[in-house]
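# Architecture and fold: a report
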Amino acid sequence: MELTDLERDFLRKLLGESWVSPPTFDHEIVARLVELGLVETEPLPSGDIEHRITDAGRAAATA
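A brief report on the enclosed structure follows. (Residues numbered from 1 in each chain as written. Predicted model: local features only at pLDDT ≥ 70, side-chain atom pairs only at ≥ 80, totals over all residues. Heavy atoms only, no water.)

Of all hydrophobic cores here, the largest spans 11 residues; its members are Leu 3, Phe 10, Leu 11, Leu 14, Val 30, Leu 33, Leu 38, Val 39, Ile 53, Ala 60 and Ala 61. Of the residues forming this core, the biggest block, 3 residues, is contributed by helix 1 (residues 5-14). (Core = buried A, V, L, I, M, F, W, Y, C linked by side-chain atoms within 4.5 Å. Buried < 20%, exposed > 50% of the residue type's maximum accessible area, 1.4 Å probe, protein only. Helix = DSSP H or I, 4+ residues; strand = E, 2+ residues; numbered from the N terminus.)

Laid out in structure tokens, this is it:
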């Protein structure tokens, strides 16, 4: 699978820890990564979204 530079950079940042985005973040930016199974998301009670890298995402980030 071919990832854009932005997608690969985002995955590399998630290698260290999960990231919580504010409700105003443009979630379309990571939608493809979620669809590909590279990132998991979880809505938080605050309305923010937590993004976590999956094992497949780790492999893609280091490829």
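Using the criterion set out here, one finds 2 aromatic pairs in the structure. Considering the side-chain rings of Phe 10 and Trp 19, the 5.9 Å spacing of their centres and the 90 degrees angle between planes classify their relative orientation as edge-to-face. Take Phe 10: its relative accessible area is 16%, and that puts it in the buried class. Judged by relative accessible area, which is 30%, Trp 19 ranks as partly exposed. Judged by centre distance (4.9 Å) and plane angle (75 degrees), the ring pair of Trp 19 and Phe 25 falls under edge-to-face. (Phe/Tyr/Trp six-rings, centres within 6.5 Å; stacked < 30°, edge-to-face > 60°.)

What follows deals with helix 1. Within helix 1 the residues assigned to the buried category are Glu 7, Arg 8, Phe 10, Leu 11 and Leu 14. Around the axis of helix 1, the buried residues are gathered within 160 degrees of arc, so they sit on the same side. The exposed residues of helix 1 that point more than 90 degrees off its buried face are Asp 5, Leu 6 and Lys 13. (Arc of directions from axis to C-beta.)

A separate point is the pairing of strand 3 (residues 49-53). Of all 5 residues in strand 3, 4 are buried; the element is thus mostly enclosed. The pairing of strand 1 (residues 19-21) with strand 3 spans 3 bridges and is classified as antiparallel. Paired with Val 20 across the bridge in strand 3 is Glu 50. Across 5 bridges, the pairing between strand 2 (residues 39-43) and strand 3 is antiparallel. Within strand 3, the residue paired with Glu 40 across the bridge is Arg 52. Connecting strand 2 to the next strand, strand 3, in antiparallel fashion are 5 residues, including Gly 47 with a positive phi near 100 degrees. (Pairing = 2+ DSSP bridges.)

Right, let's get into the environment of Ala 59. Position of Ala 59 relative to the elements: it lies in helix 3 (residues 55-62). Assessed through its relative accessible area of 46%, Ala 59 is described here as partly exposed.

Looking now at the packing of helix 1 against helix 2 (residues 28-35). The N-to-C vectors of helix 1 and helix 2 enclose an angle of 75 degrees; their axes lie 11 Å apart at closest approach. When the axes of helix 1 and helix 2 are compared, the pair comes out roughly perpendicular. Facing helix 1, whose interface residues are Leu 6, Glu 7, Phe 10 and Leu 11, helix 2 presents Ile 29, Val 30, Arg 32 and Leu 33. Grouping the amino acids of the contact of helix 1 with helix 2 by side-chain chemistry returns 6 nonpolar, no polar and 2 charged. (Axes fitted to C-alpha atoms, helices over the stretch in contact; angles between N-to-C directions. Parallel < 35°, antiparallel > 145°, perpendicular 65-115°, else oblique. Contact = heavy atoms within 4.5 Å. Nonpolar A, V, L, I, M, F, W, Y, C, P; charged D, E, K, R; others polar.)

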